[in-house]
Amino acid sequence: YWGLVFRHISPYMWASLGCALAIGLSVAGAAWGIFLTGSSLVGAAVKAPRITSKNLISVIFCEAAAIYGVITAIILQTKVEDVPIGSDGEWSVKILKAGYAVFGSGLCVGLSNLVCGICVGIVGSSCALADAQNSTLFVKILVIEIFGSALGLFGVIVAIIISASAVFK
Amino acid sequence: FFFSCFSLAVSASRADKVAMSWLSTTAEMALFNVKSGFLEAIVRGHKLGLLTTADYSNLSQCDSLEDIKLYLTGTDYGDYVQNLAAPLQTTALVESCTQKLVDDWAYLRENAGEPLGRFMDYCVYGHMIDNVVLIVMGTIHERDVNELLDKCHPLGLFDSLASLGVAQNVRDLYRLVLVDTPLAPYFSESNLASEDLDEINVEILRNTLYKSYLDDFAQFCKSLGGTTAEVMATTLAFQADRRALNITLNSIGTELTRDDRRRLYSNHGLLHPHGQAELAAADDFDSVRAAMERVPEYAGIFSRVGAGEAHALDKMLYDEEVRRAVNSFEQQFHFGIFHSYLALREQEIRNVMWISECIAQDQKGRILDGIVFTI
C-alpha cells in the first residue's frame, strides 16, 4: 500500500524539497554558527581588540558551510528537467529514482552543514575566548575547527556523487 | 531543521539532571550565546584585567599610598584612581576601586537577559542583608543615618534603605520597609518576633536571613539546570559550610543555645545534616576541627592550620573560595562565572585595602600574610 502511495507522489516534489533543504538547512547551520562565535568574539574583543582579525577565520569557516549548500542547490536544480508522466499514469522508474536522488542529495548536504555550522560555531566561540586569554592557544584550537568544517565538506562530496546519478531524461 | 531546533530547545529546558544527555549538553552550548554570549565574553575580559601576582609584588614594594595610586593608574583601575586628591586615604582608594566594580556590575546587569538578570540579582542579596543590618545596628547605637548610608556596600543599595532607621523591632522592620524589597521572602514567622532590636537579635536576624537567602539561591540555581547548576552547587555548598563554620566559631562561649545554632545552619552543603549536628555540639576549636575534618574536602584546609590557630583559618577559607572561583572559569556557557567574577573582584579590593593599610601603618612585612592571589 505504501509503495502505491509513494509511486504516485510526484518525483518533482522530492526534487524541489531536496533543492530547498540543501540551501535552507545549510544556511541555518551557518547562521547558527556565526551567531555563536560572533557574540563571544564581539564581547572578548572589548578587552582584547587584537583578537578580532584572526578570529574572523572562525566566521569564515561557518560561512563555508552556507557556500557548500548554495553550490549543491544550484547543481541540483540544473539536474531537474521536465518529463511528462507516462501514458499509463505512472512515473517511470528512472524519473522516480532521479527525484529521490535529488532529495537525498539535498538532505545530505543540508543536515551535515547544519551540524557542521553549530560545531564550528561552538568551537569558534571557545577559540575567541581562549585567544583573548592567551594568544598561543589560537592556532591549536583552529585545528579543531578545521576538522569540524571538514564535516561539511564530506556532506558536499557525497551529495554531488549522489546527484550525479540523478538523470531525469 | 525545525525538529532539531525544537528538540534542542526542549532538552535545554530539561537539562536539570546532574548527568545531562548529549542532546541537552549540545543544546546548552548551542543556545547559551543567544542571550548571554556577549556578557560572558565581557566578564572573561574583566577577569583578564585582575591584578596578577606580579602586580601584587610590585604593590607591596610601594612606599606610600601615592605610589600605590600611581601604580594602579597603570592597571584596569586607572580611570577610577587617577583623580583622587592628595592627601590620600585608604578609604578613598578602596572606594574608588569599589566604584569600578559597581560600574562593571551595573553594565552587566543592564545588558543581562533573563534568567541571567535574576541570577545576578541573587548574587548581591547578601550585600543587601549586610546593609540592612549595618543601618539597624547603627540606629541602635544612635548614629546618623546618612553617615551609615555612606558606609553601606554600594552593590546592596536599594531605595528604601534610608528609612530603616525608624523601625523599633523586627516586625516593624519587615512591615514598614522590607516587605517591598527582594528580601521579603526571607522573613518567616520564626524570625518575625516582636522583640526590640538589640545587638544579639540583629546578629541572629542577619544569620537567619542569610540562611534563607542561601537556601533560596541554591534552589534557584538548581532549577536553572545544566552547567550553571553544577558549578553553583559546589560554590554555594562551600558558602553554606563556611558560614556554618564561622557561626560555630563565633558562638562558642556565648549564650546561643545549640538548637538556636543549629537553626542558623543552611539546608544544603557538604556538612548537611550530619556535619552540622556535630558542629552544633562543638564547644571549642578542636571539636570544630574534628567535625570539619570528616569531610574530605575540608580536611585539606584544616591540615594546613596548626593546632589552636583559629585566625589563620580565615585566610585559608578565602584561599579556597578564590580557588573555586578561578576554577569555575574553566567551563564555558554557564552563569557561575558572574558570581565568581564578583568574588574575585571583591577579594582583589580586600587585597588592595590590606596592602594600603600595611603601607600606611608601616608594616610592610605583614603584607604577604593577608593577600590572596586571585589568578
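Predicted model, so just to flag it, every value in this text is computed and none were measured. (Residues numbered from 1 in each chain as written. Chains lettered and ligands numbered in written order. Predicted model: local features only at pLDDT ≥ 70, side-chain atom pairs only at ≥ 80, totals over all residues. Heavy atoms only, no water.)

Let's talk about the interface of chain B and chain A
Thinking step 1. If you look at the interface, chain B gives 21 residues, while chain A gives 20 residues.
Thinking step 2. Linking chain B to chain A there are one salt bridge.
Thinking step 3. Residue Lys 47 of chain A is joined to Asp 76 of chain B by a salt bridge in which the shortest nitrogen-to-oxygen separation is 2.7 Å.
Thinking step 4. Summed over the shared surface of chain B and chain A, the result is seven residue pairs in polar contact (both at pLDDT 80 or more).
Thinking step 5. Elements with a minimum of two residues in the side of chain B that touches chain A: α1 (2–13) and α2 (22–48) of chain B.
Thinking step 6. The greatest single-element share of the side of chain B that touches chain A, amounting to 13 residues, is contributed by α2 of chain B.
Thinking step 7. Class assignment of the residues belonging to the side of chain B that touches chain A gives a composition of twelve nonpolar, six polar and three charged. (Contact = heavy atoms within 4.5 Å. Salt bridge = Lys/Arg side-chain N within 4 Å of Asp/Glu carboxyl O. Polar contact = N/O pair within 3.5 Å; in protein donor to acceptor, adjacent residues only side chain to side chain. Helix = DSSP H or I, 4+ residues; strand = E, 2+ residues; numbered from the N terminus. Nonpolar A, V, L, I, M, F, W, Y, C, P; charged D, E, K, R; others polar.)

Structural notes on the packing of helix α4 (residues 93–133) of chain A against α2 of chain B
Thinking step 1. Close contact between α4 of chain A and α2 of chain B brings their axes to 10 Å; oriented N to C, the two are set at 10 degrees. Put simply, α4 of chain A runs roughly parallel to α2 of chain B. The residues of α2 of chain B that touch α4 of chain A, namely those facing Ile 118, Ile 122, Ser 125, Leu 129, Ala 132 and Gln 133 of chain A, are Met 29, Ala 30, Asn 33, Glu 40, Ala 41, Arg 44 and Leu 48 of chain B.
Thinking step 2. By residue class, the composition of the contact of α4 of chain A with α2 of chain B is eight nonpolar, three polar and two charged. (Axes fitted to C-alpha atoms, helices over the stretch in contact; angles between N-to-C directions. Parallel < 35°, antiparallel > 145°, perpendicular 65-115°, else oblique.)

Describing the side chain of Asn 351 of chain B
Residue and element names in this part refer to chain B.
Thinking step 1. Within the fold, Asn 351 resides in helix α17 (residues 336–360).
Thinking step 2. At 2.9 Å, the side chain of Asn 351 and the side chain of Tyr 56 are in polar contact.
Thinking step 3. Those residues in contact with Asn 351, other than ones at most four positions away along the chain, are Tyr 56, Gly 370, Ile 371, Val 372 and Thr 374.

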